[in-house]
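A look at the structure
Next come the chains, spelled out residue by residue.
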Amino acid sequence: MLTGMTTHANELAVDVRGLRKQYGDVTAVDGIDLGIRRGEVFGLLGPNGAGKSTTVEILQGNRDRDAGEVSVLGADPAHGTRAWRSKVGIVWQDESAPAELTVAETVRHFARYYPRPRDPEEVIGLVGLEAKAGSRIKGLSGGQRRRLDVALGVIGGPELLLLDEPTTGFDPAARRQFWDLIRKLSDEGTTILLTTHYLEEAEALADRLAVISRGKVVAEDEPAALRERYGTGATVEWTEPDGAPRTEHTDTPTRTVAALMHRFDGEIPGLRVSRPTLEDVYLRLTGQEDAR
Amino acid sequence: MTTTAVRSRTDARDGRLPGVWGLGLRRGALEIKQFFRQRDQVVFTFAFPVVFLFLFASIFSDDVEGAGIKASQLYVPAMMAAGIMSTSFQSLGISIAVERDEKVLRRLRGTPMPPAAYFLGKIWLVLVTGILETAILLLVGTTLYDVDLPSDAGKWFAFAWIFVLGLTGCALLGIAVSSVPKSSKSASSVVVLPFLVLQFISGVYIAIDTIPDWMLNIGALFPLKWMCQGLRGVFLPDSAQVLEQAGGWEFGRTALVLGAWCVGGLLLCLLTFRWKNRRDG
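The structure contained in this document is the topic of the report that follows. (Residues numbered from 1 in each chain as written. Chains lettered and ligands numbered in written order. Predicted model: local features only at pLDDT ≥ 70, side-chain atom pairs only at ≥ 80, totals over all residues. Heavy atoms only, no water.)

Right, let's get into the pattern of salt bridges. Residue and element names in this part refer to chain A. Tallied over the entire structure, the rule returns 32 salt bridges over all chains. Here glutamate 201 and arginine 175 are joined by a salt bridge, their closest N and O atoms 3.6 Å apart. Of the two residues, glutamate 201 sits in helix H7 (residues 199-205) while arginine 175 sits in helix H6 (residues 172-187), which places them 26 residues apart along the sequence. On the basis of relative accessible area, glutamate 201 is assigned to the buried category, the value being 0%. Taking the relative accessible area as the measure of exposure, arginine 175 reaches 9% and is therefore buried. Among the charged side chains, a network of salt bridges with common partners joins Arg37, Glu40, Arg208 and Glu220. (Salt bridge = Lys/Arg side-chain N within 4 Å of Asp/Glu carboxyl O. Helix = DSSP H or I, 4+ residues; strand = E, 2+ residues; numbered from the N terminus. Buried < 20%, exposed > 50% of the residue type's maximum accessible area, 1.4 Å probe, protein only.)

Encoded structure:
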C-alpha cells in the first residue's frame, strides 16, 4: 500500500465528492464521498439497492450523475476519451461474451482495442483458463465465464480495475482462486475497486472498506479498524443448570465470566465468548441487525 | 490466428491507440466468423428468399400481357431486393437489439474501441452476406426463371450502385430500428412486421401494377420499392417498363431516393443509437 501519498490529491485514483443520483423518486446515491489511493484494493460493501452498482457505473462512465464531482484517473468519466478507457478495466455484474467464439479468439480480439495490451496467452493463464483456451464460450461453466470476464477486464493492462460483485455465483474453491488473482493484480500495482456482499471477501482482499447504506457512506476504514471501532462489546453465552440457554451482551466480558465462575464453581456449561465479526458490524451499520 | 497474436505484441511496443479502419476490419472478420458458425442461422438467412422465389415464381408463371415477360421473371429482381433488405435491415435490426439486451454493446463501450469500428464491422458483415445472397438468387434466377444477365456495362453499373446504396440505406435503417424493441425477445417481431408490410406494398410479393396507388405511394417513401424497381430495370427487358407506376425505370429518381436514405439513415443512427437498453437507463 502506498501510504503517505494521500496528501496529494492527484495521487487519488478515484476521487468522488458529493455524488448524487436519482431514479424518479428514488434516491439511489445520496451524497457519497470516496477517495481511493493508487495501488490500493478498496471494497465497497452494502446490501442490494444500497447504491453500489450505480456508483460503480458512474465511475465507469456508463451512467450520468445528477450532482457531485467525480475524478477517475484524473478525468471525469462522463467525458472519458479512448485513452482514458484504455486505462480502466471493467468487470460487470451481469456479463456476456460472444457465444460462438473461443476463449482465445475473444481475449486476443479484445487485446486489439488497447494501446498496450497484456499478452493474451498470459492473461488466459492468469485467470486459469489455459485448458479452455480453444473452447467456444457457449460451452463454458458459469465460473469459467466469470473468469473470462475478468480476463477481458484486465487484458488492456488497466491502471484501475472496477469489479462489480465479481464472485457472485462462485463456489468456494473458485472464490479462493479469484482472490489469489486479485492479490496478484494488486501486487502488480493495479488499483482495484470491488463491490461485494461477501464480508469475508472484503476482509480478505480490501486494504480499506466503505460501507454504503441507502445511498450514503456510513463507515469507511481498514477492515480491522472498522471492526474495532463499531464492533464494541462481546457476547457471553452459557447454559443454566436447569438447561436454559442464556446470552448476555456486555462491554466487560471478563467480569461476566468471573462472576459465572463463582456461581458454577468449576466448568461453566456451554460457555462461549464471542467478539462481533465484521459481519455483525456490517449488519449494524446497514441497519439490518434484525435480518439475523 | 497466430498472426493476430504476433501483431498484438507489435502494437504493445508503440503504445498508440489502434486505428478505426484497422479495428473495423478486425471486427468485420469477427462478425463474419460468428455469423458462419451459427449454421442454422446461415441456412435460414440464405434459404429464405430462395424458397420464396421458388414458391412465387412457380405459382405465378404466366405471361404478363403486353410486357413481353413472364410473371416469374418479375420475382427474380423482387426477391433480390428483398434479400438485400433482409441481410441488412432485418439481420442488423434483430442482432443489434439482441447484442444490446445481452450487454455485448455495453461491454464494447467499456473498452477503448471506437464506436465507428463496431459499425464498420457490421457493414463488412452485411456486405459479405448481401453479396452471397444476391449471387445465390442471381444463379437461381438465371438458371430456372429465364432472367438474363445484363448485356451492357451501364446496366451492370446500375446493378452495382443499386446494391451498394440499397444495402447501405437498409443497413443504417436496421441499426436505427434496433433501438425500438425493448428487449431481445420482442426484437424479431418488431423488425419483421414493418419489413413484411414493406414487401407487400413495394412490389416484392405482389406485382406492382396490381397494388393500389396509395399503397405504392407509401411504399415509395422507403428504399425497398426503389431497389425492386431499379433491379427490374437491370434484369428485365425495356418492354416491361409499361408495368411501372411511372411507365419507366426512373434510375435517376431511384439513385436520389436511395442516396437520401443513406444520408437520412446515418443521421437517424447518430441521433437514436443507444449502447444500453431502456431498462438500463
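What follows concerns the sheet that holds strand E4 (residues 67-72) of chain A. Residue and element names in this part refer to chain A. Sheet architecture is open: 3 strands sit in the order E2-E1-E4, paired in antiparallel fashion. Pairing within the sheet leaves two strands with one partner each, and these edge strands are strand E2 (26-37) and E4. Taking each pair of neighbouring strands and ignoring which way they run, the sheet shows an average axis angle of 15°. Across 9 bridges, strand E1 (residues 12-23) lies against E2 in antiparallel orientation. Pairing of lysine 21 across the sheet is with valine 29, part of E2. Contacting E1, E2 and E4, helix H1 (residues 52-60) crosses the sheet at an angle of about 120° to E1. (Pairing = 2+ DSSP bridges. Axes fitted to C-alpha atoms, helices over the stretch in contact; angles between N-to-C directions. Contact = heavy atoms within 4.5 Å.)

Below, the discussion takes up the pairing of strand E3 (residues 41-45) of chain A. Residues and elements named next belong to chain A. Among the 5 residues that make up E3, 5 are buried, leaving the element largely enclosed by the rest of the structure. Covered by surrounding structure in E3 are Val41, Gly43 and Leu45 together with Phe42 and Leu44, the residues of both alternating faces. In this sheet, strand E7 (residues 191-196) lies alongside E3 in parallel orientation, the contact comprising 5 bridges. Bridge pairing in E7 places leucine 45 opposite threonine 196. Examined bridge by bridge, E3 and strand E8 (residues 208-213) share 4 bridges and lie parallel to one another. What sits directly across from leucine 44, in E8, is alanine 210.

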